[in-house]
Structure formats: structure tokens, C-alpha cells
Amino acid sequence: MTEITKQDCEIKVARCTAKLIKDHPFYASLFLGMVRKYNPEVKTMGVDGVSIFIAPQFLMDLTDDQCVNVFLHELGHVIHMHHLRRGKRDAKKWNIAGDYVINGEHVTMVPTYAETIAALKLLLDSQYDDMTTEEVYRVLPEPDEGDAGQDQSDPDGQPGPNDPKGSPEPSSGDWDDI
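These remarks concern the structure in this document.

1. Quick look at the state of the cysteines
- Summed over the entire model, instances satisfying the criterion amount to zero disulfides.
- The cysteine C9 is free of any disulfide, with C67 supplying the nearest cysteine sulfur at 9.8 Å.
- Under the relative-accessibility criterion, C9 is labelled buried at 0%.
- Of the cysteine sulfurs around C67, a residue in no disulfide, the closest is that of C16, at 3.5 Å.
- Of the residues examined, C67 reaches a relative accessible area of 0% and is grouped as buried.

2. Focus: the nonpolar core
- Ranked by size, the top nonpolar core spans 31 residues in total, and within it L20, M45, I54, L59 and F71 carry the most contacts.
- For this core, the secondary-structure elements that each account for two or more residues are α1 (6-23), α2 (25-32), β2 (45-47), β3 (51-54), α3 (56-61), α4 (64-79) and α7 (113-120).
- Counting residues per element, this core draws most heavily on α4, at seven residues.
- Discounting chain neighbours no more than four positions away, the residues touching L20 are P25, Y27, A28, F31, V68, L72 and L75.
- Core analysis: the second largest hydrophobic core is formed by nine residues, W94, I96, Y137 and L140 among them.

3. Description of the environment of L62
- By secondary structure assignment, the location of L62 is in the loop between α3 and α4.
- When its relative accessible area of 6% is taken as the criterion, L62 is described as buried.
- With residues near it in sequence (within four places) discarded, L62 still touches K12, M45, C67, V70 and L120.

4. Some details on helix α6 (residues 91-109)
- Under the 1.5 Å per step criterion, the end-to-end length of α6 is 27 Å for 19 residues, consistent within 8% with the ideal 27 Å.
- Within α6, 15 of the 19 residues are buried, leaving the element largely enclosed by the surrounding structure.
- Two or three places before K92, at the opening of α6, D90 has a side-chain oxygen 3.2 Å from that residue's backbone nitrogen.

5. Observations concerning the environment of V101
- With respect to the element layout, V101 can be found in helix α6.
- Exposure remark for V101: the relative accessible area of 7% places this residue in the buried category.
- Put simply, V101 and Y128 are 27 residues apart on the chain and 6.8 Å apart in space, counted from C-alpha to C-alpha.
- With sequence-adjacent residues up to four places away left out, V101 is seen in contact with H80, M131, T132, T133 and V136.

6. Some thoughts on the pattern of salt bridges
- In this structure the tally under the stated criterion is seven salt bridges.
- One salt bridge connects D65 with K19, and the closest N-O pair in it is separated by 3.4 Å. One end of the pair, D65, is in helix α4; the other, K19, is in helix α1, with 46 residues separating them in the sequence.
- Judged by relative accessible area, K19 falls into the partly exposed class, the value being 30%.
- Here E134 ties to R85 by a salt bridge, and the two come within 2.5 Å at their closest N and O atoms. Of this pair, E134 sits in helix α8 (residues 133-139) while R85 is found in helix α5 (residues 82-85), placing the two residues 49 residues apart along the sequence.

7. A look at the sheet that holds β3
- Strands sit in the order β1-β3-β2 across an open sheet of three strands; the sheet is mixed. Each edge of the open sheet carries a strand with a single partner, namely β1 (35-38) and β2. Sheet twist, expressed as the mean angle between neighbouring strand axes with direction ignored, is 20 degrees.
- Of the pairings in the sheet, the one linking β2 to β3 comprises three bridges and is antiparallel in character. Its bridge partner being in β3, V47 is matched across the sheet by I52.
- Most of the contacts of α4 go to β2, to which it runs at about 25 degrees, and overall it touches β2 and β3.

Scoring rules and cut-offs
- Residues numbered from 1 in each chain as written.
- Predicted model: local features only at pLDDT ≥ 70, side-chain atom pairs only at ≥ 80, totals over all residues.
- Heavy atoms only, no water.
- Disulfide = S-S within 2.5 Å.
- Buried < 20%, exposed > 50% of the residue type's maximum accessible area, 1.4 Å probe, protein only.
- Core = buried A, V, L, I, M, F, W, Y, C linked by side-chain atoms within 4.5 Å.
- Helix = DSSP H or I, 4+ residues; strand = E, 2+ residues; numbered from the N terminus.
- Contact = heavy atoms within 4.5 Å.
- Expected span 1.5 Å × (residues − 1).
- Polar contact = N/O pair within 3.5 Å; in protein donor to acceptor, adjacent residues only side chain to side chain.
- Salt bridge = Lys/Arg side-chain N within 4 Å of Asp/Glu carboxyl O.
- Pairing = 2+ DSSP bridges.
- Axes fitted to C-alpha atoms, helices over the stretch in contact; angles between N-to-C directions.

Laid out in C-alpha cells, this is it:
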């Protein structure tokens, strides 16, 4: 397996950002204002309202369309202000509720989103259509004891701004902010 460099990630993000700008200018304006943090310790991607945390291997394994759709999904959390509205709710359950809401919206507005949902096995259920994140949260089952507090958009359970542990930081100087 070839080692992934920060430059490899930046090239892919630049290519996908260009597609985001062309196809989804509103979302692109938000994305361009976020700090991108490449973190090999993160499994997928996640946001905290200020930064987007990107797992290099996950990024490189995505097609460009999938990458753009994952960016759209993560930006959906920012647009819905999930990082501000969670309060004292369980982080994992809150994130799952948000995922259902975001994916339900995006599957109807982005032509390639359904393919990404199928390929990445993302959460989608029509019973949650037209519900707010709070409403979905109320009807979801409680997470398992061992999963409490884990954030589903980032399977590593990376903390967000409402978490006392703060935002995840890269462990190596080679994977710093851009």
C-alpha cells in the first residue's frame, strides 16, 4: 500500500472543492471558511462548526462524487447547527438523529447522493422524513452502554465543541491545518 501524503489529500480536496463550488455554491461558501484538519486517527470525517476533520485514508478511498457528498453531509451538520443544538443530549444518538435528517434531505436534492448512501451504508429511513433532529432524537432507541457519547459521523467518537475533551487534533505535525 502506498503511503498517503498531505499533498495527496490536498490535491483531492482541491479537486472536490472545485466540484462543490460548481454544483453547490452555498455549501462551498461554508466549506471554504472551515479549517481543514487531516487526522489519520479519525476513521471518516467530522465537523465541530469551525473545522472539518478528514481521515486521509477514508478521503483517498472515496470517489470524487462520494467525497463531495460526504462534504455536503458534514456541512449539513453545520447548517443545522447540530454542534450548537445538542446541549446535554447523548452525542452518538444526537449525531445519528442528525444523520437521518441530513441524508433524507440530501437524497432528494443531490442526484448522486443515493449512490453514496448505498456505497457507504449511510443512515437513511423515510420514517424520519420531514422531522427535525430533535423529533428524530426523541424516537430513536437509547445507544448501547458501551457506545454512549460516541459520535456516529465520526466512528472514532471524536469530541466536538460541546465535549470537555475539545476538538480532535492531528497527532503528527505532518498533518496540520490548512
